[in-house]
Amino acid sequence: MGYCNNCNQEINSKFCPNCGKEAVELPKSTKSDNDALNNDSVGTLSFARGNAGALVNELYALRAGLCRVSQENDKVKEAEESLEAQRIANGNVIDTAEFGYGQGNLNFFQTQRQYIIDRHTKPNKDILRKKNDLEKSLAFDKSESKKWLTKGFIVLPFFLLSIAMLVLAVFLPEYSDGLIAMGAISLLGTVLLGATFWSNFAKHHKSVKSYRLQIDELNKRIKSPKQLQAEINNDPTYIEYNTSYVELKKEYEKAKAFDYSPLENALSEQKNACAEFYKEFYPAYLSHFERVLDPRDWCNLDLVIFILETGRADNLRDALIQVDGYRHTEAIAKAISSASVAICRTITNEADRLQRAIATHIDMINCNFGTLNSSTEGIIKVTELQNALVSKANASSERLANDLEDIRNYITI
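Fair warning: this is a prediction, and the values are worked out from it, not measured in the lab.

When you go through the protein chain residue by residue, the secondary structure sums to 14 helices and 3 strands. The buried share of the protein chain, reckoned over its 413 residues, is 38%. Considering only residue pairs separated by 6 or more positions, the protein chain has 73% of its internal contacts joining residues 24 or more positions apart. By element, 54% of the accessible surface of the protein chain is carried by carbon and sulfur atoms, the whole surface being about 23700 Å².

Bringing the confidence of the model for the protein chain into the picture now. Chain-level pLDDT for the protein chain is 82 on average; 83% of the residues reach the 70-or-more range. The secondary structure element of the protein chain with the lowest average pLDDT is helix α1 (residues 33–38), at 32, and the one with the highest is helix α7 (residues 261–284), at 94. Predicted confidence for residues 26–50 stays below pLDDT 50, and this span has 39 contacts to residues more than four positions away or in other chains.

Turning our attention to the nonpolar core. Ranked by size, the top nonpolar core spans 61 residues in total, and within it Leu59, Tyr285, Leu286 and Trp298 carry the most contacts. Counting only elements with at least two residues in this core, the list comes to α2 (52–99), α7, α8 (301–309), α9 (316–328), α10 (332–349), α11 (351–369), α13 (382–391) and α14 (397–412). Looking at this core, the element that brings in the most residues is α2, giving 13 residues. Each residue touching Trp298, except ones within four places of it in the same chain, is listed here: Leu62, Leu66, Tyr282, Leu286, Phe289, Glu290, Leu293, Ser397, Ala401 and Leu404. One finds Ala97, Phe108, Phe109 and Tyr245 within the second-largest nonpolar core, a separate group that totals 13 residues.

Moving on, we come to α7. Compared with the 34 Å implied by 1.5 Å per residue over 24 residues, the 34 Å span of α7 between its first and last C-alpha is a close match. Turning to α7, its buried residues are Leu267, Lys271, Cys274, Ala275, Phe277, Tyr278, Phe281, Tyr282 and Ala284.

Per the stated rule, a full pass over the model turns up 10 aromatic pairs. With 5.9 Å between their ring centres and 75° between their planes, Phe108 and Tyr241 make a pair best called edge-to-face. Pair noted here: Phe108 is in helix α3 (residues 106–171) and Tyr241 is in helix α6 (residues 236–256), with a separation of 133 residues, a long-range link. Summarising the burial analysis for this pair, Phe108 and Tyr241 share the class buried. Each member of the aromatic cluster is reached from another via a ring pair, and the members are Phe277, Phe281, Tyr285 and Phe289. The ring of Tyr260 has Arg87 sitting right over it, with the charged end atom 5.4 Å from the ring centre. The ring of Tyr245 has Arg113 sitting right over it, with the charged end atom 4.0 Å from the ring centre.

In a regular helix each residue adds 1.5 Å, so 18 residues correspond to 26 Å; α10 covers 25 Å between its end C-alpha atoms and thus fits that length. Restricting attention to buried positions, one finds in α10 the residues Ile332, Ala335, Ala339, Ser340, Ala342, Ile343, Cys344, Thr346 and Ile347.

This part takes up the packing of α8 against α9. Running from N to C, α8 and α9 point in directions that differ by 120°, and their axes come no closer than 9 Å. Regarding the angle of α8 to α9, the classification is oblique. The way α8 lies across α9 gives a crossing that is right-handed. Contact residues: α8 offers Leu303, Val304, Ile307 and Leu308, while α9 offers Leu316, Ala319, Leu320, Gln322, Val323 and Tyr326. Split by residue class, the contact of α8 with α9 holds 9 nonpolar, 1 polar and no charged.

The subject of this paragraph is the environment of Leu267. Its location among the elements puts Leu267 in helix α7. Owing to a relative accessible area of 11%, Leu267 belongs among the buried residues under this scheme. Taking the C-alpha atoms as reference points, Leu267 and Lys75, separated by 192 residues in sequence, lie 8.9 Å from one another. Setting aside residues no more than four positions away along its own chain, Leu267 makes contact with Val76, Ala79, Glu80 and Leu83.

This part takes up the packing of α2 against α13. The N-to-C vectors of α2 and α13 enclose an angle of 85°; their axes lie 8 Å apart at closest approach. One way to sum up the angle between α2 and α13 is to call them roughly perpendicular. Across the interface between the two elements, Tyr60, Arg63, Ala64, Gly65, Cys67, Arg68 and Gln71 of α2 pack against Glu384, Leu385, Asn387, Ala388, Leu389 and Ser391 of α13. Of the residues contributing to the contact of α2 with α13, the split by class is 6 nonpolar, 4 polar and 3 charged.

Conventions and cut-offs
Residues numbered from 1 in each chain as written. Predicted model: local features only at pLDDT ≥ 70, side-chain atom pairs only at ≥ 80, totals over all residues. Heavy atoms only, no water. Helix = DSSP H or I, 4+ residues; strand = E, 2+ residues; numbered from the N terminus. Buried < 20%, exposed > 50% of the residue type's maximum accessible area, 1.4 Å probe, protein only. Contact = heavy atoms within 4.5 Å. Areas by Shrake-Rupley, 256 points an atom, 1.4 Å probe, with all protein chains shown as cover. pLDDT = per-residue confidence, 0-100. Core = buried A, V, L, I, M, F, W, Y, C linked by side-chain atoms within 4.5 Å. Expected span 1.5 Å × (residues − 1). Phe/Tyr/Trp six-rings, centres within 6.5 Å; stacked < 30°, edge-to-face > 60°. Lys NZ or Arg CZ within 6 Å of the ring centre and 35° of its normal. Axes fitted to C-alpha atoms, helices over the stretch in contact; angles between N-to-C directions. Parallel < 35°, antiparallel > 145°, perpendicular 65-115°, else oblique. Left-handed = near helix turned anticlockwise from the far one by under 90°. Nonpolar A, V, L, I, M, F, W, Y, C, P; charged D, E, K, R; others polar.

Shown next as structure tokens:
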């Protein structure tokens, strides 16, 4: 019997099935160990310590229970692996899209797309730029031609006045000399000015016409945005890079926005389910082995079985002493490896015997502690325990013990 300080209650196992904490052992009775092992009222299984074969069968039944628990923990590991695999996959997509080298990132595809776009739009931009320059020159020459034309109209009255003075010289002979001189000088000046103004006007007007013709030609060569887009969209190279860009962008945005909550919830639910299984299975089955082999030695179960099966020890005490000896000489790894191979072979070759051992153990539980209730019967089945033992034949007892500890940790999460 033990007492869980965390749950404030007495329990019949080494670890509390409710919280997973190790129980504090209550004071033992004054009876001998052999009396306690043979006393049904203390909740332990009867077995002959001197009978190595019976003890080995007990230990295989323990291993079957650990394998069954490990199977439940495998479901948690699968959920964890699914979550981690999705995170890694999304992380790879994001890293590739943002920081990938060569031809695998968004920046590369975007650069290539822009290069092709520029290749199609540059001629059009050059034409538009040239047209803009011509329009500026056209505006300037239009302004200049208008200015010189205006000056020409200003000179016209003086020209007419010069003509008038020459005409008056004909009708006024007495003033003819003065009028002719003044008229001639005025006419010469206005003609010279008029010719200058007209020449400048004609030059700029000619430029205006030339610019207009050039602009008209350029207008014929300018492509509309719709035409340019059609050219770009039909470019095979653009299609290739744009398709890659769009696909990677879609994957990138999907990875960035991925909702992990369903996978996280599934993992949490699986841990809870595993913990609930442990709370029922441990006290109903595994706890009865605590008096057979201390839970702290369950990680060495394979080596203990191997030592007993191969006749290296006749009882559990001597087997555990040998386990400690292997550990002190640092030969434990090699010994465990040999033991695991042998255990796997036994499980494979002697499945019927081990199944009978498991069934016998369950019968002993029924005999010692009464008929299993309906909920317990649902989790303790000979076939499931046997299948678990076979499926986990290659798993070491250390791994199985670690799985058990993992499940205890789920209870406190």
